[in-house]
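Chain by chain, the residues run as shown.
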Amino acid sequence: MNPTTLLLERLSALVHQSVRDDAARHGLQPIHVQVLSYLARANDYSNLPIAVAEYFGITRGTVSQSLNVLERKGLLLREADPHHGKRIHLTLTAAAAKVLEQAWSRRIDTVLESMPREREALESALRGLLTGLQGLNGQRAFGVCRQCAHFLTEGDAARCGLTGQPLGAAQTMKICREWTDPIETCAMKRE
Ligand code: SF4
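Figured I'd write up the structure that's included with this text.

The rules we used
Residues numbered from 1 in each chain as written. Predicted model: local features only at pLDDT ≥ 70, side-chain atom pairs only at ≥ 80, totals over all residues. Heavy atoms only, no water. Near = heavy atom within 4 Å. Nonpolar A, V, L, I, M, F, W, Y, C, P; charged D, E, K, R; others polar. Core = buried A, V, L, I, M, F, W, Y, C linked by side-chain atoms within 4.5 Å. Buried < 20%, exposed > 50% of the residue type's maximum accessible area, 1.4 Å probe, protein only. Helix = DSSP H or I, 4+ residues; strand = E, 2+ residues; numbered from the N terminus. Contact = heavy atoms within 4.5 Å. Expected span 1.5 Å × (residues − 1). Polar contact = N/O pair within 3.5 Å; in protein donor to acceptor, adjacent residues only side chain to side chain. Pairing = 2+ DSSP bridges. Patch = residues over 30% accessible without salt bridge, like charges linked within 9 Å, V, L, I, M, F, W, Y side chains within 5 Å. Areas by Shrake-Rupley, 256 points an atom, 1.4 Å probe, with all protein chains shown as cover. Salt bridge = Lys/Arg side-chain N within 4 Å of Asp/Glu carboxyl O. Axes fitted to C-alpha atoms, helices over the stretch in contact; angles between N-to-C directions. Parallel < 35°, antiparallel > 145°, perpendicular 65-115°, else oblique.

Close contacts around the ligand come from N43, Y45, C145, C148, H150, F151, C160, L162, C176 and E178, and that covers them all. Of the residues belonging to the shell around the ligand, the class tally is 7 nonpolar, 2 polar and 1 charged.

Dropping the structure here:
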């Protein structure tokens, strides 16, 4: 096995263990904590039940059960979209933010902050690896809005080139199910 693959396997096991510990502390299942963590980072096109299913590669039925538990525990709200009849947006409550305050991802952030020189190269390499694997598995990439091929700026304002809608500053830092790789798009235009 490639040493990098081994490292990724070890990291993955460590993250899984941390997610299990986080979940147990709050009387939740690991998937519940993962869904909260996803929704904290998802933009308005992606805080939908179907996007949760796509992100984790699980069925809508499993997502629905998890959302019911999170709603019952006061961690999640369902809000109807004012412009699209049946669309429901999922938003986190203050109680959910507290659950995430000490989540495993904060511990990784702390370690990464201690290695500023390596961080950028690591992020780029991991993004390439993730995009490659998602391509092999036929999954959506879910990248950060600001790094999307459709991201447009007009002076201080930002807009989505795919939908034409304006993007608030906070939305541009979140992840999106419609994200498109700018490098792939450039390569396709050259062909
Ligand atoms: S610019 Fe890309 S990532 Fe941002 S909202 Fe539009 S499609 Fe999503």
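In this structure, L36, Y38, L39, V52, L70 and L75 are the most contacted members of the largest nonpolar core, which totals 24 residues. Elements with a minimum of two residues in this core: α2 (30–41), α3 (49–56), α4 (60–72) and α5 (94–101). Considering each element in turn, this core owes the most residues, 5 residues, to α2. Residues contacting V52, with those up to four places away along its chain left out, are V35, Y38, L39, V63 and L90. Listed in part, the 9 residues of the second largest apolar core include C148, A158, C160 and W179.

So, on to helix α1 (residues 3–25). For α1, with 23 residues, the first-to-last C-alpha span of 33 Å sits near the 33 Å given by 1.5 Å per residue. Restricting attention to buried positions, one finds in α1 the residues S18, V19, D22 and A23. Residues of α1 that are buried make contact with α2 and α6 (104–113). Near the N-terminus of α1, the side chain that reaches the backbone nitrogen of T4, with its oxygen 2.7 Å away, is that of N2. Once α1 finishes, G27 follows within two positions and takes phi at roughly 65 degrees, a positive value.

Here the focus is the sheet that holds strand β4 (residues 157–160). The strand order β3-β4-β5 describes an open sheet built from 3 strands, whose pairing is antiparallel. Two strands bound the open sheet, and with one partner strand each, they are β3 (151–154) and β5 (166–167). Looking at chain direction, β3 and β4 are connected through 4 bridges and run antiparallel. Paired with T153 across the two strands is A158, which belongs to β4.

The subject of this paragraph is a nonpolar patch on the surface. Judged by side-chain polarity, L8, L11, L14, L122, L126, L129, L133 and L136 come together as a nonpolar surface patch covering roughly 700 Å² of accessible area. For the nonpolar patch, the secondary-structure elements that each account for two or more residues are α1 and α7 (116–137). When residues in the nonpolar patch are grouped by element, the largest group, 5 residues, is from α7. The residue L129 is located in helix α7 in this model. The class of L129 is partly exposed, set by a relative accessible area of 36%.

Now for the packing of α2 against α5. Put simply, α2 and α5 touch, their axes get as near as 10 Å, and they point 105 degrees apart. As far as their axial angle goes, α5 and α2 are roughly perpendicular. Of the residues in α5, those in contact with V33, L36, S37 and A40 of α2 are A96, V99 and L100.

A few words now on the environment of V15. Structurally, V15 is set in helix α1. Placed 157 residues apart in sequence, V15 and T172 show a C-alpha to C-alpha distance of 26 Å. Aside from chain neighbours lying at most four places away, what touches V15 is W104 and I108.

Remember, this is a structural readout, not a statement about activity or role.
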